[in-house]
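Coordinate analysis (summary)
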Amino acid sequence: MELCTILRPECTTCATPGSKKKVLELISDLVAAQYPTLSSQEIFESLVAREKMGSTGIGNGIAIPHGRLTDIDQPIAILIKCEEPIAFDAIDKQPVDILFALLVPADQCQQHLSTLSCMAEKLSDKQILKQLRKTHDETELYQVITG
């Protein structure tokens, strides 16, 4: 799956959310703004429910929050670069500054795992990560991740 098919430029942003809760709210609001049939509250609850099972902070300043929604038929991705790293309960106890969030249809578990795996692999590429951290705006961020 091409990343540009699930990640819209409008769902890519540089922000200073300040906390884990605030960044999950930001993700929810970004998606709801682009997909008016979805509820920001439902998205937020899906992300929080997954975080309660264990942090999606995978280390090296990266988190991949994700959730399942019944009202979508294809995955939706969100990319956020935090101007100031935030505490995210990551496995390495380090703050997070790059978040790739993924919302998937509730009935597409295998595709969900495959997309998460591909994204984790892409974000483990030191060159891509370095470029993401050097970006200064949403356009540049989107180009790096989809390039």
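Located above this text is the structure these notes cover.
Let me sum up the structure you'll find in this document.

Calculation notes
- Residues numbered from 1 in each chain as written.
- Predicted model: local features only at pLDDT ≥ 70, side-chain atom pairs only at ≥ 80, totals over all residues.
- Heavy atoms only, no water.
- Helix = DSSP H or I, 4+ residues; strand = E, 2+ residues; numbered from the N terminus.
- Rg over C-alpha atoms; globule rule 2.2 N^0.38 Å.
- Buried < 20%, exposed > 50% of the residue type's maximum accessible area, 1.4 Å probe, protein only.
- Contact = heavy atoms within 4.5 Å.
- Areas by Shrake-Rupley, 256 points an atom, 1.4 Å probe, with all protein chains shown as cover.
- Lys, Arg positive; Asp, Glu negative; His and termini not counted.
- Charge placed at Lys NZ, Arg CZ, Asp CG, Glu CD.

It is worth spelling out the overall build of the protein at this point. When its secondary structure is counted, the protein shows five helices and six strands. For 147 residues, the compact-globule formula gives about 15 Å, and the C-alpha radius of gyration of the protein, at 14 Å, lands near that figure. The C-alpha extent of the protein, read off along each of the three principal axes, is 35 × 30 × 25 Å. The buried share of the protein, reckoned over its 147 residues, is 48%. A separation of at least 24 residues holds for 68% of the contacts in the protein among residues at least 6 apart in sequence. Only carbon and sulfur atoms are counted for the fraction: they give 51% of the accessible area of the protein, which is about 7,400 Å². Side-chain charges in the protein split into 14 positive and 20 negative, and the spacing between the mean points of these groups amounts to 7 Å.

The phi dihedral of Asn 60 falls on the positive side, at around 60°, and the residue is not glycine. In this fold, Asn 60 is placed in the loop between strand S2 (57–59) and strand S3 (62–63). On the accessibility criterion, Asn 60 (47% relative accessible area) is partly exposed. The phi torsion at Asp 89 lies on the positive side, around 60°, for a residue other than glycine.

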